[in-house]
Amino acid sequence: MLHRPQSTAEALDLLAMEGATIIAGGTDIFPAHVDRPPPKRLVDISRIPGLRGIRREGRALRIGAATTWTDIARADLPSAFDMLRQGAREIGAVQIQNRATIGGNLCNASPAADGVPPLLALDAQVELVSPRGARVLALDEFLIGNRRTARASNEIMTAILLRDDFVTARSTFRKLGARRHLVISIVMVAALLDIDSNNHVQTARIAVGAASAVARRLDGLEQRLVGARADNAIGDIVSTEDFGSLSPIDDLRATAAYRREAAAELVRRALVELTSARHE
Amino acid sequence: MNEATRRIALRINGEQRSLTGSGVERLSTVLREEFELKGTKIGCEAGDCGACTVLVDGEPVCACLVAVGQVEGAAIVTIEGVAAGTKSGARLLDAFHAAGAAQCGACTPGMIISAAALLDATPRPSDPEIDTALAGVLCRCTGYAKIFDAVHLAAADGAASADTGHGFVGERVARLDGRAKVEGREAFGADSIPRDALYLRAIRSPHHRARFLFGDLAAFRAGNPGVARILTADDIPGRNLHGVIPPFADQPVFAVGETRFKGEAIAAIIGARAAIDALDLSEFPVTWEAMPPALTIDEALSTDASLLHTTRTGNILVHGHVEKGDVTATQTPGLVSVDGEFETGFVEHAYIEPEAGFARRIGDRIEIAACTQAPYMDRDDVAAILGIAPEDVRIIPTAVGGGFGSKLDLSVQPYIAVAAWTMDHPVAMIYSRPESIATTTKRHPSRISSRISAGRDGKLAAIDFAADFNTGAYASWGPTVANRVPVHASGPYFVPNYRARTRAIHTNCAPSGAFRGFGVPQMAIAQEQLLDALAAQLEMDPLELRILNALAGDTPTATGQLLGEGIAFRQCLEALREPWRTARSEADAFNANARGPARRGVGVAGMWYGCGNTSLPNPSKIRIGLKPDGRFALHQGAVDIGQGSNTVITQIAASALGIGIEYFDLIGGDTDLTPDCGKTSASRQTFVTGRAAEAAARALRTVILRLANVSDVAEIKLDGARIEIVDKGRRHAIELSALRPDNYGYLLTAEESFDPPTTPLDAKGQGSPYALYGFGAHMAEIEVDIRLGTVKVRNIVAAHDVGRAINPTLLEGQIEGGVLQGLGLALMEEFHPGRGENLHDYLIPTIGDAPAIRTILIETPNAIGPFGAKGIGEQALIPTAPAIFNAIRHATGVVIHRAPATPDRLLAAIRRQQGG
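Residues numbered from 1 in each chain as written. Chains lettered and ligands numbered in written order. Predicted model: local features only at pLDDT ≥ 70, side-chain atom pairs only at ≥ 80, totals over all residues.

Chemist: Where do I start with the overall build of chain A in this structure?
Modeler: When you go through chain A residue by residue, the secondary structure sums to nine helices and 14 strands. For chain A, the C-alpha radius of gyration of 19 Å lies close to 19 Å, the compact-globule estimate for 280 residues. Expressed along its principal axes, the backbone C-alpha trace of chain A runs to roughly 60 × 45 × 30 Å. Counting over 280 residues, chain A shows a buried share of 55%. Considering only residue pairs separated by 6 or more positions, chain A has 64% of its internal contacts joining residues 24 or more positions apart. (Helix = DSSP H or I, 4+ residues; strand = E, 2+ residues; numbered from the N terminus. Rg over C-alpha atoms; globule rule 2.2 N^0.38 Å. Buried ≥ 20, exposed ≤ 12 C-beta atoms within 10 Å, placed from the backbone. Contact = placed C-beta atoms within 7 Å.)

Chemist: Help me out: how do you make sense of the overall build of chain B in this one?
Modeler: When helices and strands are counted, chain B shows 22 helices and 33 strands. Each principal axis of the C-alpha atoms in chain B carries an extent, and together these give about 85 × 80 × 60 Å. Burial analysis of chain B (916 residues in total) assigns 63% to the buried set. Pairs at least 24 apart in sequence give 78% of the contacts found in chain B among residues at least 6 apart.

Chemist: How should the sheet that holds strand E13 (residues 336-344) of chain B be read in this particular structure?
Modeler: Strand pairing in a sheet relies on backbone hydrogen bonds. The paired strands run either parallel or antiparallel. All names here are of chain B. Taking strand neighbours across the sheet as the criterion, the five strands line up as E12-E22-E21-E20-E13 in an open arrangement whose pairing is mixed. One side of each edge strand has no neighbouring strand; the edge strands of this open sheet are strand E12 (316-324) and E13. Taking each pair of neighbouring strands and ignoring which way they run, the sheet shows an average axis angle of 5°. In this sheet, strand E22 (residues 497-506) lies alongside E12 in antiparallel orientation, the contact comprising eight bridges. Bridge assignment links Glu323 to a residue of E22, and that residue is Arg499. Contacts from helix H14 (residues 478-488) reach E12, strand E21 (460-472) and E22 within the one sheet, and its direction differs from that of E12 by about 15°. (Pairing = 2+ DSSP bridges. Axes fitted to C-alpha atoms, helices over the stretch in contact; angles between N-to-C directions.)

Chemist: It is not clear to me how unusual backbone geometry should be interpreted in this structure. Could you clarify?
Modeler: With the exception of glycine, most residues fall at negative phi, and the peptide bonds are largely trans. Residue and element names in this part refer to chain B. Following Ala899, the chain continues to Pro900 via a peptide bond in cis, the omega torsion being 0°. Within the element layout of this structure, Pro900 appears in the loop between helix H21 (880-892) and helix H22 (903-913). The phi torsion at Tyr144 lies on the positive side, around 70°, for a residue other than glycine. Residue placement: Tyr144 occurs in the loop between helix H5 (127-134) and helix H6 (145-155). Judged by local crowding, Tyr144 falls into the buried class, with 29 C-beta atoms found within 10 Å. Phi is positive for Phe404, which is not a glycine, with a value near 60°. Structurally, the position occupied by Phe404 is in the loop between strand E17 (393-397) and helix H12 (413-423). Overall, Phe404 belongs to the buried group, with 31 C-beta atoms counted inside 10 Å.

Chemist: Would you take a moment to explain the interface of chain B and chain A for this structure?
Modeler: How large an interface is tends to be reported as the accessible area lost when its parts come together. Each partner contributes residues to the interface: chain B has 47 residues there, and chain A has 41 residues. If you tally residues by element for the side of chain B that touches chain A, the top one is strand E4 (residues 59-62) of chain B, at four residues.

Chemist: For this particular structure, what's the right way to read the domain arrangement of chain A?
Modeler: According to the domain assignment, chain A consists of domain 1 (1-46) and domain 2 (170-279). For domain 1 of chain A and domain 2 of chain A, the distance between their C-alpha centres works out to 36 Å. (Domains from an automatic or database assignment.)

Chemist: Quick question: what am I supposed to make of the sheet that holds strand E4 (residues 54-57) of chain A here?
Modeler: All names here are of chain A. One open sheet holds the five strands; their spatial order is E4-E5-E10-E6-E7, and the pairing between them is antiparallel. The sheet is open, and its two borders are formed by E4 and strand E7 (133-138), each paired with just one other strand. Ignoring which end each strand starts from, the neighbouring axes of this sheet average 25° apart. Taken together, the six bridges between strand E6 (residues 125-130) and E7 define a ladder with antiparallel strand orientation. Residue pairing for E7: Gln125 is matched across the bridge by Ala138. This element, helix H1 (residues 8-15), spans E6 and strand E10 (156-163) of the sheet and lies at about 135° to E10.

Chemist: I'm lost on the environment of Ile395 of chain B in this one. Help?
Modeler: Residues and elements named next belong to chain B. Following the sequence through the fold, Ile395 ends up in strand E17. In the structure, Ile395 is positioned 36 residues away from Ala359 in sequence and 9.2 Å away in space, judged by C-alpha atoms. Non-local contacts of Ile395, meaning those with residues more than four positions away in its chain, are made with Ile368, Thr372, Pro375, Asp378, Arg379 and Thr671.

Chemist: Help me understand the domain arrangement of chain B in this model?
Modeler: Residue and element names in this part refer to chain B. Domain boundaries assigned for chain B yield domain 1 (1-165), domain 2 (198-291 + 355-430), domain 3 (521-613 + 764-913) and domain 4 (620-754). Taken together, the 17 residues of domain 2 in the interface contact 13 residues of domain 4. Those elements giving two or more residues to the side of domain 2 that touches domain 4 turn out to be helix H11 (375-386) and E17. Counted by class, the side of domain 2 that touches domain 4 contains nine nonpolar, five polar and three charged residues. (Nonpolar A, V, L, I, M, F, W, Y, C, P; charged D, E, K, R; others polar.)

Chemist: How should I be thinking about the nonpolar core in this particular structure?
Modeler: Nonpolar side chains in soluble globular proteins tend to end up buried together. Of all hydrophobic cores here, the largest spans 410 residues; its most connected members are Ala191 of chain A together with Ile416 of chain B. It is helix H19 (residues 685-708) of chain B that provides the largest number of residues to this core, a total of ten residues. For Ala191 of chain A, the residues in contact, after removing those within four places along its chain, are Met83, Ala121, Ser171, Thr172, Arg205, Ile206, Val267, Ala270, Leu271 and Leu274 of chain A. (Core = buried A, V, L, I, M, F, W, Y, C linked by C-beta atoms within 7 Å.)

Chemist: Mind showing me how you'd approach the environment of Val338 of chain B here?
Modeler: Residue and element names in this part refer to chain B. Within the secondary structure, Val338 sits in strand E13. Measuring from C-alpha to C-alpha, the distance between Val338 and Leu534 comes to 6.0 Å, with 196 residues separating the pair along the chain. Leaving out residues up to four positions away in the same chain, Val338 has contacts with Ile452, Leu530, Ala533, Leu534 and Gln537.

Chemist: Is there a simple way to explain the packing of H11 of chain B against H12 of chain B in this structure?
Modeler: Pairs of packed helices are described in terms of their axes, by the angle between the two and the distance that separates them. All names here are of chain B. It is the contact of H11 with H12, at a shortest axis distance of 10 Å, that shows an interaxial angle of 45°. Judged by the angle between their axes, H11 and H12 are oblique. Judged by the sense of rotation from one axis to the other, the crossing of H11 with H12 is right-handed. Here H11 contributes Asp378, Val382, Ile385 and Leu386 to the contact with H12, which in turn contributes Gln413, Pro414, Ala417, Val418 and Trp421. Here the residues of the contact of H11 with H12 sort into seven nonpolar, one polar and one charged. (Parallel < 35°, antiparallel > 145°, perpendicular 65-115°, else oblique. Left-handed = near helix turned anticlockwise from the far one by under 90°.)

Chemist: When you look at helix H18 (residues 645-657) of chain B in this model, what are you seeing that I'm missing?
Modeler: For an α-helix, 3.6 residues make a turn, and residues three or four places apart therefore share a direction. Residues and elements named next belong to chain B. Helix length check: H18 (13 residues) gives 18 Å between terminal C-alpha atoms against 18 Å at 1.5 Å per residue, within 8%. Burial runs high along H18: 13 of the 13 residues are buried. Downstream of H18 by one or two residues, Gly658 has phi in the positive range, about 80°. (Expected span 1.5 Å × (residues − 1).)

Chemist: So what exactly am I meant to see when it comes to the environment of Pro675 of chain B here?
Modeler: Residue and element names in this part refer to chain B. Summarising the element assignment, Pro675 is placed in the loop between strand E26 (664-667) and H19. With 40 residues separating them along the chain, Pro675 and His635 place their C-alpha atoms 7.3 Å apart. Contact partners of Pro675, with chain neighbours within four places excluded, come to Lys621, Arg623, His635, Gly637 and Glu751.

Chemist: Even after reading the chapter, I still don't get H19 of chain B, so can you show me in this structure?
Modeler: Look at H19 of chain B: 33 Å from first C-alpha to last across 24 residues, which is about the 34 Å you get at 1.5 Å a residue. Of the residues flanking the end of H19 of chain B, it is Asn709 of chain B, one or two places downstream, whose phi is positive at about 55°.

Chemist: It is not clear to me how the packing of helix H3 (residues 89-99) of chain B against helix H4 (residues 108-121) of chain B should be interpreted in this structure. Could you clarify?
Modeler: Residues and elements named next belong to chain B. In the contact formed by H3 and H4, the axes pass within 9 Å of each other and the chain directions differ by 135°. On the basis of their axis angle, the class for H3 and H4 is oblique. The way H3 lies across H4 gives a crossing that is right-handed. Side by side, H3 and H4 meet where Gly89, Leu92, Leu93 and Phe96 of the first sit next to Thr108, Ile112, Ala115, Ala116 and Leu119 of the second.

Chemist: Teacher, can you tell me more about the pairing of strand E3 (residues 53-56) of chain B here?
Modeler: Note on strand geometry: in a regular strand, side chains alternate between the two faces of the sheet. Residues and elements named next belong to chain B. Bridge count between E3 and E4: four bridges; the pairing is antiparallel. When the bridges of E4 are listed, Val56 appears paired with Glu59. Hairpin connection between E3 and E4: a loop of two residues separates the two successive antiparallel strands, and Asp57 in this loop has a positive phi of roughly 50°. In this structure, E3 lies alongside strand E5 (residues 75-77), joined through two bridges in antiparallel fashion.

Chemist: What am I meant to see in the confidence of the model for chain B here?
Modeler: In regions of low pLDDT, the predicted coordinates are not meant to be interpreted in detail. The predicted model of chain B has a mean per-residue pLDDT of 97, with 99% of residues at 70 or higher. Scored as a whole, the predicted complex attains pTM 0.98, and scored at its interfaces, ipTM 0.97. (pLDDT = per-residue confidence, 0-100.)

Right, here's the structure in full:
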């Protein structure tokens, strides 16, 4: 049975029923059921008013969990969010982006989820609602492993919360796959730089995906970048030690060693792109 | 209606429709099964292929990822409604048809729907916008080139109207079955299953090798009332064995006691579709005892390896051998030698249509409607399995959504045949994508070791070549690969001293079989890279080295065959000279100034390929009849798997008869209606069946002209009531009513066969294994990112000796599609047994990976092919991968010893090259 609740409260009641599974875009649920029937009880949260769309709340953005990647790619957002919009265009192809949701990408918690690095780099928080009320978790607290999250079985993710602290920051997303489109990432990088009027880095945010069970921020590198001159030499600041927190694996897509090396290269390129973009 | 179902209202193609369901059903399934909208194709049920793309409120989505209850009230447009339901749909249908953008047609509905969404929003899209809009739909046939053209054509509203001319040889006729394909009306294996059919699912081994014991089957059936029947080996009426080469038949329908590869079937359950689909097959009562498998050539050859088949010593299925001259000549002083070892992996055919079909029993006969490349071979094997006469099996080939060699082997046929036979009820089976990838044949992995020697003048002196092929658990086409490769391993070059040895080795992998080229593409990856190494040693231009050694009609092949007239390999290479020199110098200039990570390279590779079976008979027979309505029935049994035989054979027949194609009605490869045209394989249909069609049409023309007793130059016209013959200004009329129908119901009938003249190979592999060879050469321009190991193929120039271009549009389509499969082989495609049985782990190129492809058709007719034509299907793929690898070498100095050159492998090779 597919249920289409019209409110979060109704959805929570339905979710409490035996065997109930949340569906929004369906782009993860159906592929997981190719040789077997789909779950018998699906709770479709994609039509709940308020769960889809992007709303500004002061200096913050609230992205409904059921907002599709197409919605995000088409949204008019500040340049700090470019990496999120670019990432949106790299998730599957247009057929997937038209259905798949930002909340689904996070709740599915694939190590290769293209939405995660930009959101980590933006210090995203997620809002979870259960019958006992709402709670807000930092994204890095929410994602706890390969396809593991802090979401309790009676909780629904309702929103992704982002601060819009950056007026001048630019960001970029770089994805590497073995083919051009419609591909699971070998590795991907989201990077944000806020550069001051003296052309020095004020803030740096860098996250790497598909190179560990959960995408990681590169804290050490971010700190070292602060105060650096924003020019073409910025890539030289990146060192192999910056990637020590990653734990890539060998799989069908690439070796671990390659992932480490490619991640470093993509970070360098992202940084150079962000500094040169400033001079355009 | 039970409590879990309700009425769901949908707006489909502008009409209000409703169904009763729970709402969790996939929209793709509902469209096809509830509303009979079979134009929405199912290729993967995972959002990986895009074949099921429909519009929901104007936006393209994969219908397989939508629960039908989620789109209640939304406006849905399928291919059946795209002309009326979108602004650009009608133009796109015309443009796809006119441009030749549909080959097999399985991806076409999804492609057109996606393009309609694009053009409705962006009437004049840029190239990158087309790329992005169509990236979610995989096509395995076209190389995307003509799809791209079609979208531009539709945007410009420039689709030409109806074809003009007679459709004779040489004309760019739009494929005769094309309109049905673009409109989604073409019926593939899963599209004509009767509503009352029961469905069958196979119980398959989860282990590479295992012993198994059934549990209580009766109890399982009693506990699952939806299961109408369980079948095991005990239920097979005839022999539990099949194989495409009868002397090597070794594959059971259902394994007995032990399975030899992961996915091998041991049993089947049959029941109503909903009940069968709802079952968790892991609950089937069977106990598995996993056993140590041999997955690689080394494991299978090791002294302690178990034998997969007790009669095949050392797990060796077959040896191949060709030798001439003295190969120890490589030791002669003054010669320059290069050698190397090369490996390739399993490659999956990845056609968009998974195997499907249904069978029904009619009295003491069985009928099978399924996708296939080989109706008569299916007939004979099914007959043996059922223990009945071949004439009591009727194979009705459906449209085939891509084959590339794999649909030569049986897939669903034995299961549905045994089930329908024993239950006396129609039974259908549709492979899931994982089932298709796990259990059907693959391209043979290869391990090749080769040494090539030449004089200082660049003339080849000797080639010593050895290759082992991982042939998997059953013979399939392993013997063909092992025998074809030694004939071809000289490449299209003259070499006086030659030895090529091959082995096909059994492992516990899915059977390796036929895949576009039968081992020759793997061979070319090794040999053509070694030729570039040789050119480097000799400080010669790689293209000029090939021109210097190009095989000609008066130089013998490695098997001692003299090919005579109509050999245009040298012309293919010479056609590349101009683009080669320009591209090489541009790449060198680019690299000289390169500061970033991009390096450009240009590579070339040559190819030859014998059309038809290797030294074995492979006749085709064509029947043409004049019907009482004054039209011709063309019994065309060469299964069209997208390559275009329906159109090409008709063009040949029309030209030979002297009557336009519009007077022909095609009768397909139904074994009750149409003589045997053999298998669609080995690039033989245009050649062999085409030659039979030419002969039958000429014979019929002779019969017609004799009625009026006129000369051979007379013109034949038809008006439905009479044949009018105009000869030297004189008109003769023959009233159709004056002719009596024959046993076929035709007023006049001609039937002719053709079997290519070949000779057996002797103990040293000397002889004339093929009557006709195709030649070609590809030039690849690529860009390597030397810090990421990624490769972008920018341009391909493909020059092919096609003898005579029967239909240039279809030839280009074959070449463009072959190029992209070659690109996949080179850069991304590898199947790892037991892993990644889906189309997001197994990657084939998307539209964004497709290079610009320029085709150069070289026509030098020969006396053997119909109107001088040669085959193209396999020729098109063979040189692409080595041309790309040689371009990588030009860009980076790296030799690719292991295909595919994935980014991690290439980067590691670049690092080694740099001494890092």
